[in-house]
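Residues per chain are reported as follows:
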Amino acid sequence: MKNVLVIGSGAREHALAWKLKQSKNIGEIFIAPGNAGTELLGKNVNINADDINGLINFAKNNNIDLTIVGPDNALALGIVDEFNKVELKIFGPTKQAAKIEWSKIFAKKLMQKYEIPTAKFETFTRYDDALTFLKKSAFPLVIKADGLALGKGVFICNNLKEATIALESVRTFGKKVIIEEFLTGQEFSAHALCDGKSFKLFPFAKDHKRIGEGDTGANTGGMGTICPIDGPTDQIHEIIEKTLWALKQERIEFSGCLFPGIILTSSGPKVLEFNARFGDPETQVFMRLLDNDLLEIFEAVFAKKLHEISLRWKKEFTTCVVLASRGYPNSYKTGYEITGLNDLDENIVVFHAGTKEQADKVVTNGGRVLSVTATGVTLKDSLTSAYNNINKIDFMGRYYRQDIGLTRVKA
Ligand code: AMP
Ligand code: GLY
């Protein structure tokens, strides 16, 4: 029996723990720091995702056989390298491999060098040079901060005035800047599980990143997902293959989940960004559809034997709708009781994110509060079911998008 430590506190981590719980050889599941949902599946451990020493000590003292990392910041801090140094098994890329996410400039330059399709771009380290470039540019264009910026580092600018304001905000991040071509097309999420030798593609999922209906308003971590959607499988396979090969040429082995955000332009799919981890809320829908034993998959990654496994997916559709605290992704209030969680249809699984238990009640404790997932024989069935059940769940300030999966469901 294997004891597992899942690092993070979102619905992604709840979904991973939920699926692991169904594994044949699962022992104890610990989640650090977890939430009110993960507490029902295993034991929450009060250690933050970026407290690497604390997590190593915990893993050593509690016979943890493998650790799964959810959030990007822990990877960027080098959690995998540190666990490896003390010979603790951990799923995720090294700091160097995760650079494909934590430095957009690194990712863009890699794509340019190895001809992986992406938006044309220029990089700048000096504000004045960027401004001079903007003054002779055509709009719209996109300005991006180099490092991790919690989704707040990307600005789509329609004119010089907007671009100047964006440049100022990027400067406040104290980071280098990318100015790139504005692309149009359907966006979707591709995920590939990689063991350093081979990889397996997941089905494609459609995220809904903006806070407002009709894809308006601020960018968020993600407000809902549907899966599967159609997409150019062969071309995405080629993009992943080329990227892993490109990293190898740079002496970087990627083991973990490689997750490019793709935009399907009139000249084919292009990479908007790379993530070096599982998506949130994408993981919530994947875990509902995956038919394999998740622990066996992680074991295969450690053994570099992913090629011996075939991933099996239920022949269903899944919808995930995120319930958030009104005000997210800006300021919001927490501490409100959540009701109705125990009165839901059989095909519904609710994954917790910003929740905690307080005096025997589950209360809100973050921006994204819950991920309501529903399976269905058709996409429409899963959508209808998700929304019907959302009506039964309530908390003060509950906000969700009512148009998840309703527009542009084909990639
Ligand atoms: P990123 O974090 O780089 O994926 O950017 C966040 C969002 O900004 C993406 O999901 C897109 O909607 C948008 N975006 C980023 N880059 C571009 C681009 N070059 N053209 C159009 N939209 C973009
Ligand atoms: N859902 C997008 C992300 O995890 O970055």
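Look a little higher up for the structure.
Residues numbered from 1 in each chain as written. Chains lettered and ligands numbered in written order. Predicted model: local features only at pLDDT ≥ 70, side-chain atom pairs only at ≥ 80, totals over all residues. Heavy atoms only, no water.

Peer 1: I'd love a proper account of the sheet that holds strand S8 (residues 154–157), names of residues and values included.
Peer 2: Here we have 4 strands laid out as an open sheet, ordered S6-S9-S7-S8, and antiparallel in their pairing. Since the sheet does not close on itself, it has two edges, and those belong to strand S6 (121–124) and S8, each with one partner. Each strand axis lies, on average, 20° off the axis of its neighbour in the sheet, ignoring direction. Where strand S7 (residues 141–145) meets S8, 4 bridges bridge the pair, whose relative direction is antiparallel. Counted as the bridge partner of Leu141 is Cys157 from S8. (Pairing = 2+ DSSP bridges. Helix = DSSP H or I, 4+ residues; strand = E, 2+ residues; numbered from the N terminus. Axes fitted to C-alpha atoms, helices over the stretch in contact; angles between N-to-C directions.)

Peer 1: Tell me about the side chain of Ser137, and name the residues and values.
Peer 2: Within the secondary structure, Ser137 is located in the loop between helix H7 (127–135) and S7. For Ser137, a relative accessible area of 18% translates into the label buried. Here Phe133 takes part through its backbone oxygen, which lies 2.7 Å from a polar atom of the side chain of Ser137. (Buried < 20%, exposed > 50% of the residue type's maximum accessible area, 1.4 Å probe, protein only. Polar contact = N/O pair within 3.5 Å; in protein donor to acceptor, adjacent residues only side chain to side chain.)

Peer 1: Quick rundown of helix H2 (residues 52–61)? Include the residues and the values.
Peer 2: Those residues of H2 that fall on the buried side of the exposure criterion are Ile52, Gly54, Leu55, Ile56, Phe58 and Ala59. Against strand S1 (2–8), strand S2 (26–33) and helix H4 (79–85) lie the buried residues of H2. (Contact = heavy atoms within 4.5 Å.)

Peer 1: Break down the site of ligand 1 for me, with residues and values.
Peer 2: Every one of the 15 residues lining ligand 1 counts as a neighbour, but Glu180, Glu181, Leu183, Glu187 and Glu273 are closest to it. A distance of 3.2 Å is found between an oxygen atom of ligand 1 and a side-chain nitrogen or oxygen belonging to Lys104. Take Leu183: an N or O atom from its main chain is 2.8 Å from a nitrogen atom of ligand 1. Bound to the protein, ligand 1 loses 92% of the 470 Å² it would expose on its own. Of all the elements in the fold, those that place two or more residues in the shell around ligand 1 are S7, S8, strand S9 (177–181) and strand S18 (268–275). Of the residues contributing to the shell around ligand 1, the split by class is 7 nonpolar, 1 polar and 7 charged. (Near = heavy atom within 4 Å. Areas by Shrake-Rupley, 256 points an atom, 1.4 Å probe, with all protein chains shown as cover. Nonpolar A, V, L, I, M, F, W, Y, C, P; charged D, E, K, R; others polar.)

Peer 1: Before we move on, could you go through the site of ligand 2 and cite the residues and values that matter?
Peer 2: Neighbouring residues of ligand 2: Asp207, Gly221, Phe259, Arg277, Gly279, Asp280, Pro281 and Glu282. Glu282 places a side-chain nitrogen or oxygen 2.8 Å from a nitrogen atom of ligand 2. When its residues are assigned to classes, the shell around ligand 2 shows 2 nonpolar, 2 polar and 4 charged.

Peer 1: Describe helix H5 (residues 95–102), and please don't skip the residues or the numbers.
Peer 2: Those residues of H5 that fall on the buried side of the exposure criterion are Ala97, Ala98, Ile100 and Glu101. Taken down its axis, H5 places every buried residue within 120° of arc, on the same side. Turning to H5, the residues buried within the fold contact helix H3 (72–76), helix H6 (104–113), helix H9 (233–249), strand S17 (255–265) and S18. (Arc of directions from axis to C-beta.)

Peer 1: Give a detailed account of the pattern of salt bridges, specifying residues and quantitative values.
Peer 2: Counted by the stated rule, this structure contains 21 salt bridges. Ionic pairing is found between Lys392 and Asp345, a salt bridge with its closest N-O pair at 3.1 Å. Taken together, the residues Lys392 in the loop between helix H12 (379–390) and strand S24 (398–399) and Asp345 in the loop between strand S19 (317–329) and strand S20 (348–352) connect sequence positions 47 residues apart. What makes Asp345 partly exposed here is its relative accessible area of 36%. (Salt bridge = Lys/Arg side-chain N within 4 Å of Asp/Glu carboxyl O.)

Peer 1: Any chance you could break down the packing of aromatic side chains for me, citing the residues and the numbers?
Peer 2: Summed over all chains, the structure comprises 12 aromatic pairs. Ring geometry for Phe202 versus Phe278: centroids 6.5 Å apart, planes at 25°, classification stacked. Taken together, the residues Phe202 in the loop between strand S12 (199–201) and strand S13 (204–207) and Phe278 in the loop between S18 and helix H10 (282–289) connect sequence positions 76 residues apart. Note on Phe202 and Phe286: the rings are 5.0 Å apart at their centroids and 80° apart in plane angle, and the pair reads as edge-to-face. Of this pair, Phe202 sits in the loop between S12 and S13 while Phe286 sits in helix H10, placing them 84 residues apart in sequence. Using a relative accessible area of 0% as the deciding quantity, one classes Phe286 as buried. (Phe/Tyr/Trp six-rings, centres within 6.5 Å; stacked < 30°, edge-to-face > 60°.)

Peer 1: Which residues make up the layout of surface pockets, and what values go with them?
Peer 2: Empty space within the second largest pocket amounts to approximately 430 Å³. Lining the second largest pocket are 21 residues, and of these Leu40, Leu341, Asn342, Val350 and His352 lie nearest its centre. At the level of secondary structure, the elements contributing two or more residues to the lining of the second largest pocket comprise helix H1 (11–21), S20 and strand S22 (361–364). With 4 residues, S20 is the single largest residue contributor to the lining of the second largest pocket. Taken together, the residues of the lining of the second largest pocket sort by class into 11 nonpolar, 6 polar and 4 charged. (1 Å grid on protein atoms, 1.4 Å probe; cavity = no way out; pocket = protein on both sides within 12 Å on 5 of 7 lines; lining within 4 Å. Points joined across faces, edges and corners; volume = space filled by probe spheres on them.)

Peer 1: Provide a residue-level description of empty space enclosed by the protein, including the pertinent values.
Peer 2: Applying the stated criterion across every chain yields a total of 3 cavities of 30 Å³ or more. The space that makes up the largest cavity amounts to roughly 50 Å³. Forming the walls of the largest cavity are Ile100, Lys104, Ala107, Lys108, Met111, Lys144, Glu180, Leu272, Glu273 and Phe274. For the lining of the largest cavity, the secondary structure elements donating two or more residues are H6 and S18. When residues in the lining of the largest cavity are grouped by element, the largest group, 4 residues, is from H6. Roughly 40 Å³ of internal volume is contained in the second largest cavity. Taken together, Val69, Leu75, Phe91, Gly92, Pro93, Gly256, Cys257, Ala276, Arg277 and Phe278 make up the lining of the second largest cavity. Along the lines of polarity and charge, the residues of the lining of the second largest cavity split into 7 nonpolar, 2 polar and 1 charged.

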